[in-house]
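Listed here are the chains, written in short residue letters.
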Amino acid sequence: MKTFKIDYISEAMRRDIQDKINNLNKPKGSLGRLEELAMRVCLIQQTLSPTLNHPCHLLLGGDHGIEREGVSVSPREVTWQQMINFTRGGGGVNMFCRQHGFKLRIVDVGVDYDLSGVEGIIDRKVARGTRNFLYEPAMTEQEYEQALQVGIDLVDDCHAEGCQVLCIGEMGIANTSPSSIWLHLFGDVPLEQCIGAGAGLGMPGVHHKYEVLSKAVEQAKPYLREHGADAATIIRYFGGFEMVAAIGAMLRAAELHLIILIDGFIMTACAMAAIRLCLAAQDYMIFTHCGDEKAHRLMLDVLRAEPLLNLGLRLGEGTGALCTYPLVDSSVRMMNEMNNFQNANITKYF
């Protein structure tokens, strides 16, 4: 089984970074959370002069067997239709990548449709969707390892190009279902509190979703007892191929000391799973926003993460993380472009 060697971030530079922040020509602490963000970026890169070269965005697609149980208002064909739309530049993710200068990679990890001939889609398909976890594990151990490796390889490609900032998004109808179950099992949160409207379910739909997922968790218990209810087993029993690839990407990015921008409910669920596999990975993550899915706030609380924005977003695709990137950029510019009191000939008054 794949293992990751991720270093906890060294705190040795913290005092020097704080001194530089405090001596910029502004009142101490006056740039608030931008100062906290600058500290995080500097610690990740272990420098007083951070950079944000070649930001990359991975858009990972996959379908879920649990969709067959009517847990989403959107049918599964929307996954492949949107994947093709992304190649034409028509998605929210395309707009924000263009706006903020991210290189976009659109990757088929497990879409239930033949996209192999579509220009602009990287074919890394593990299978045409996962199995239905209401009845059996969503994927085999071999498929789990393959999906992890997809994420690892994608990050290696980005890193070889000089990437320092990684953003990840997803396209997969019904992927709020495994996310809810991961929150329940990893966060010890009552399942009912973990389930929301997804792409737009009404209250009857939410109730049905709860009934299906509750039954799935109960029926998985004998398997988990037999095989060990460790993080990897829980991930592969309920997860999607695109979600496992995202986990692999996050863990590899942390190994390489990249800045990882974490998006909404689905990607925070993947971050939670990645952290369960390797606790040090959280050091490299910036949680960008709190989405409109009601359980996202609970998930962030479990991780003790304070997001930068709260805009009521629930599109997915990594769009919330991309929207937050200018704040990361501003924090880096603050460190590199603001003058200090001495050079500006301003009296330091604190």
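The structure reproduced in this document is the subject of the present report. (Residues numbered from 1 in each chain as written. Predicted model: local features only at pLDDT ≥ 70, side-chain atom pairs only at ≥ 80, totals over all residues. Heavy atoms only, no water.)

**Regarding the nonpolar core**
Counted only if it meets this: The term nonpolar core refers to a set of buried residues drawn from Ala, Val, Leu, Ile, Met, Phe, Trp, Tyr and Cys, joined through side-chain atoms within 4.5 Å. Here the term buried applies to any residue with accessible area under 20% of the maximum for its type, exposed to any over 50%, and partly exposed to those in between, with areas from a 1.4 Å probe on protein chains only. For helices the rule is a DSSP run of H or I covering at least 4 residues; for strands it is a run of E covering at least 2, with both sets numbered from the N terminus onward.
Of all hydrophobic cores here, the largest spans 125 residues; its most connected members are Trp182, Met250, Leu261 and Met285. Considering every element that reaches this core, the biggest residue donor is helix 9 (residues 241-255), with 11 residues.

**Concerning the sheet that holds strand 1 (residues 56-62)**
The strands making up a sheet are joined through hydrogen bonds of the backbone, oriented either antiparallel or parallel. For clarity, the threshold we go by: At least two DSSP bridges between two strands are needed for those strands to be called paired. A fitted line through C-alpha atoms serves as each axis, taken over the contacting stretch for helices, and the angle formed by two N-to-C directions is quoted from 0 to 180°. Residues count as neighbours in contact if any of their non-hydrogen atoms are within 4.5 Å of one another.
The strand order across the open sheet built from 6 strands is 3-2-1-4-5-6, with neighbouring strands paired in parallel fashion. Looking along the sheet, the strands with just one partner apiece sit at the ends: strand 3 (121-123) and strand 6 (285-287). Across the sheet, the mean angle from the axis of one strand to that of its neighbour is 30 degrees, orientation sign disregarded. Contacts from helix 12 (residues 319-337) reach strand 1, strand 4 (165-171) and strand 5 (259-262) within the one sheet, and its direction differs from that of strand 5 by about 135 degrees.

**A word on the packing of aromatic side chains**
Where we set the bar: Side-chain rings of Phe, Tyr and Trp, where Trp is taken by its six-membered ring, are said to pair if the distance between their centres is within 6.5 Å; with planes under 30 degrees apart they count as stacked, over 60 as edge-to-face, and otherwise as tilted. As a reminder, the over-ring test applies to NZ of lysine and CZ of arginine, requiring each to be within 6 Å of the ring centre and within 35 degrees of the ring normal.
The full count for this structure, using the stated rule, is 5 aromatic pairs. With a centroid separation of 3.8 Å and an interplanar angle of 5 degrees, the aromatic rings of Trp80 and Tyr113 are classed as stacked. On the criterion of sequence distance, the pair formed by Trp80 in helix 3 (residues 77-87) and Tyr113 in the loop between strand 2 (103-110) and strand 3 is long-range, its members being 33 residues apart. Judged by centre distance (4.8 Å) and plane angle (55 degrees), the rings of Tyr237 and Phe238 are tilted. The pair formed by Tyr237 and Phe238 is uniform in burial state, with each residue classed as buried. Three or more aromatic residues joined by ring pairs form one cluster here, namely Phe133, Tyr223, Tyr237 and Phe238. When the ring centre of Phe4 is taken as origin, the NZ or CZ atom of Lys2, which lies over that ring, is 5.4 Å away.

**Brief notes about unusual backbone geometry**
Look at Arg304: it is not a glycine, yet its phi comes out positive at around 55 degrees. With respect to the secondary-structure elements, Arg304 resides in the loop between helix 11 (294-302) and helix 12. When its relative accessible area of 81% is taken as the criterion, Arg304 is described as exposed. The backbone phi angle of Glu317 is positive, close to 70 degrees, even though this residue is not glycine. With respect to the secondary-structure elements, Glu317 resides in the loop between helix 11 and helix 12. By relative accessible area, Glu317 is classed as buried at 2%.

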